[in-house]
Amino acid sequence: MYKIVICDDEGKTTLIPFSRTEFTIGREEGNTIRLTDRNVSRRHARLFRKGDSFFLEDLQSRNASRVDGTAVSGEVREIRLEDRIGIGDYRISISRRKYKGIPLGRQVDPARDRNVGKVTGHGRIVMIEGPTPGMEVNLTDQLYIIGRSDRANVNIEDASISRAHARLEAVEESWIISDLDSINGIHVNGEKRDDYTLKAGDVIDFGKIRFRFVAAGEPYDYESSHKRDQSGDGDEKDLRFLVLKVAVVVVLAGMLVTWLAMRTDETDGAAPQKTARRFESFEQLIRQGKTEMQAKRWEEAARLFAQAQKIRDDSPEVKKLKKVAIMEVDAKAAVEAALQAREEEKWQAALNELSRIPLDSYYYNLSFLREMGDKLCDDLVYKADFMITSGDPAAGELVDAISKIPEVSAECLARQDHLRMRLETRP
């Protein structure tokens, strides 16, 4: 079987079966092979076969394609087996060799599997809830320590994470997650676990931070899949999928009836009507989504924009609107969590939540942020003063932490300077 062998600049390899006659390669969604490096053009090249002959067509890419070091720009070049094709920082070849230990990634068909996601030859964990959603940890080493400590090779700055929270270890061809006696423990698919062998699609909770385990060869991309990953489990999730399927069938049936009606109407300008009806539902979804945004019903707005994107995935407007709606969903949740933390007088936790909110969000509140900063400053100054008086050598670390408070006030910094003077003059 012919295979497409893709190697990145870190030596990681992905295999894709040459199971169709043509593949498009580029950075944007919709390409058969999506390569995300910035040196790759949105639509970079086309790889196709005729019988047992293979060809590369460069699609006027910005940085050109290369075959064995020779630039190919806007032309078609025949490719032999094992020729080195250069696209951005990726090295691609066509091979019939057997590769041990490297799984075959499922091929993405844009007409059928749009937004299924990228495929890698190694496992990954992807943050789906936390300070940096979409962050990926490529599991290419044998052992990872997850925690708040600077010594953890998966460092997560969150109050719900212990300094050494969990251990992730490769055992043969599997990954085993183990709790390191953390305060909040680890949960996999909602169940508390001490040791667990991960399977594709497992959702792991470390305190308030949530990751998804993506197995080697499994298609997954955060941007297109995270809403589905967070949509729930069990019977409720099955019911949602059933409702969605029914809705799709109804919509497709309606489109078919409309199309047949326009095909039979030969006297009333069928072609113009067809074009107008083609985008009618799209425009309605956009208008309704904007109305929901004005009413600050962000979840409903995000759902409507996602439906509109299925109709016109190439629309920059709908992509931007959906991104804003999702941002506001997360920002609203952060404010609610910060308000709860304020009630419990957990100033650092409140600041952590507020710091997640982008400056351009409706929920960004500078006065709230400064209020929590002042509260945390008071708390740290009180504790540092006591530690200095009692001669505790760890007082300096607490004093230094004051300057890390977001939007720290000048008054707070003045109090920090006073504490530093006391540290310098203490016996």
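Model, not experiment: these values are computed from the prediction. Just so you know, the residues in each chain are numbered from 1, in the order the chain's sequence is written. Local features in this predicted model are restricted to residues whose pLDDT is 70 or higher, and side-chain atom pairs enter the listing and the counts only when it is 80 or higher, whereas totals over whole chains, interfaces and linings include all residues. Only hydrogens and water are set aside when side-chain values are computed; all heavy atoms of the structure are taken into account.

1. Comments concerning the overall build of the protein chain
Think of it this way: any DSSP run of H or I at least four residues long counts as a helix, any run of E at least two long counts as a strand, and we number them from the N terminus. The number of helices and strands found in the protein chain is 11 helices and 22 strands. The classification of residues rests on relative accessible area computed with a 1.4 Å probe and restricted to protein chains. Under 20% of the type maximum is buried, over 50% is exposed, and intermediate values are partly exposed. Across the 427 residues that make up the protein chain, the buried fraction comes to 40%. Contact criterion: two residues are considered in contact whenever any of their non-hydrogen atoms come within 4.5 Å of each other. Put simply, of all contacts in the protein chain between residues at least 6 apart along the chain, 44% involve residues at least 24 apart. The protein chains shown are the only cover counted for residues, whose accessible areas, like all others here, come from Shrake-Rupley with a 1.4 Å probe. Total accessible area on the protein chain stands at roughly 24,500 Å², and carbon and sulfur atoms take up 50% of it.

2. Quick notes on the packing of aromatic side chains
A pair of Phe, Tyr and Trp rings is counted when the ring centres sit within 6.5 Å of each other, with Trp represented by its six-membered ring. The angle between the planes then sorts it: under 30 degrees is stacked, over 60 is edge-to-face, the rest tilted. With the rule as written, the count across this model stands at 9 aromatic pairs. Geometrically, a lysine NZ or arginine CZ counts as sitting over a ring once it is within 6 Å of the ring centre and also within 35 degrees of the ring normal. We note Arg46 situated over the ring of Phe48; from NZ or CZ to the ring centre the distance is 4.1 Å. Directly above the ring of Phe55 sits Lys50, whose terminal nitrogen or CZ lies 6.0 Å from the centroid.

3. A short note on the packing of helix α7 (residues 316–343) against helix α9 (residues 366–389)
Here the axes come from fitting lines to C-alpha atoms, over the contacting stretch only for helices, and the angles between their N-to-C directions go from 0 to 180 degrees. For the pair α7 and α9, interaxial distance at closest approach is 12 Å and the crossing angle is 30°. α7 and α9 meet at a crossing whose hand is left-handed. Listed contacts from α9 to Ala338, Leu339 and Arg342 of α7 are Phe368, Glu371 and Met372. Here the contact of α7 with α9 is built from residues that sort into 4 nonpolar, no polar and 2 charged. By definition, turning the near helix anticlockwise from the far helix through less than a right angle yields a left-handed crossing, and turning it clockwise yields a right-handed one. Note on residue classes: Ala, Val, Leu, Ile, Met, Phe, Trp, Tyr, Cys and Pro are nonpolar, Asp, Glu, Lys and Arg are charged, and everything else, Gly too, is polar.

4. Considering the packing of α9 against helix α10 (residues 395–402)
Contact geometry for α9 and α10: axes closest at 9 Å, N-to-C directions at 160°. Here α9 is positioned roughly antiparallel relative to α10, judged by the angle of their axes. For the pair α9 and α10, the crossing hand works out as left-handed. Here Cys377, Leu380, Val381, Lys383, Ala384, Met387 and Ile388 of α9 come into contact with α10, specifically with Ala395, Leu398, Val399, Ala401 and Ile402. Of the residues contributing to the contact of α9 with α10, the split by class is 11 nonpolar, no polar and 1 charged. Reported orientations rely on four angle classes, namely roughly parallel under 35 degrees, roughly antiparallel over 145, roughly perpendicular from 65 to 115, and oblique for the rest.

5. Considerations on the pattern of salt bridges
Just to be clear on terms, a salt bridge is a Lys or Arg side-chain nitrogen sitting within 4 Å of an Asp or Glu carboxyl oxygen. On inspection of all chains with the given rule, the structure shows 22 salt bridges. Among the salt bridges present, the one from Glu75 reaches Arg77, with a minimum N-O distance of 3.8 Å. Owing to a relative accessible area of 33%, Glu75 belongs among the partly exposed residues under this scheme. Under the relative-accessibility criterion, Arg77 is labelled partly exposed at 26%. Counted as one network, the salt bridges with shared partners bring together Glu22, Arg46 and Glu57.

6. Some details on the sheet that holds strand β6 (residues 53–58)
Pairing is mixed in the open sheet, where 5 strands are placed in the order β4-β3-β5-β6-β9. On the outer flanks of this sheet lie β4 (33–34) and β9 (76–79), each paired with one strand and no other. In this analysis, strands are considered paired if DSSP registers two or more bridges between them. Bridge count for β6 against β9 is 4 bridges, and the pairing is antiparallel. Each bridged residue has a counterpart across the sheet, and for Glu57 the counterpart in β9 is Val76.

7. Digging into the state of the cysteines
Two cysteine sulfurs form a disulfide in these notes if their separation is within 2.5 Å. Tallied over the full model, the rule gives 1 disulfide. Covalent S-S linkage joins Cys377 and Cys412, the inter-sulfur distance amounting to 2.1 Å. Sign of the S-S torsion, about 105° for the bond between Cys377 and Cys412, identifies this disulfide as right-handed. Linking Cys377 in helix α9 with Cys412 in helix α11 (residues 410–425), this pair joins segments that are 35 residues apart in sequence. On the basis of relative accessibility, which here comes to 3%, the residue Cys412 falls in the buried class.

8. Examining the pairing of strand β21 (residues 203–206)
Residues Val203 and Asp205 line one face of β21 and the alternating positions Ile204 and Phe206 line the opposite face, and both faces are buried. Two strands pair when backbone bridges link them, and strand β18 (residues 186–188) and β21 are joined in this way by 3 bridges, in the antiparallel orientation. Each residue of the ladder has a partner; that of Val188, found in β21, is Ile204. With 4 bridges joining them, β21 and strand β22 (residues 209–214) adopt antiparallel strand pairing. Bridge pairing in β22 places Ile204 opposite Phe211.

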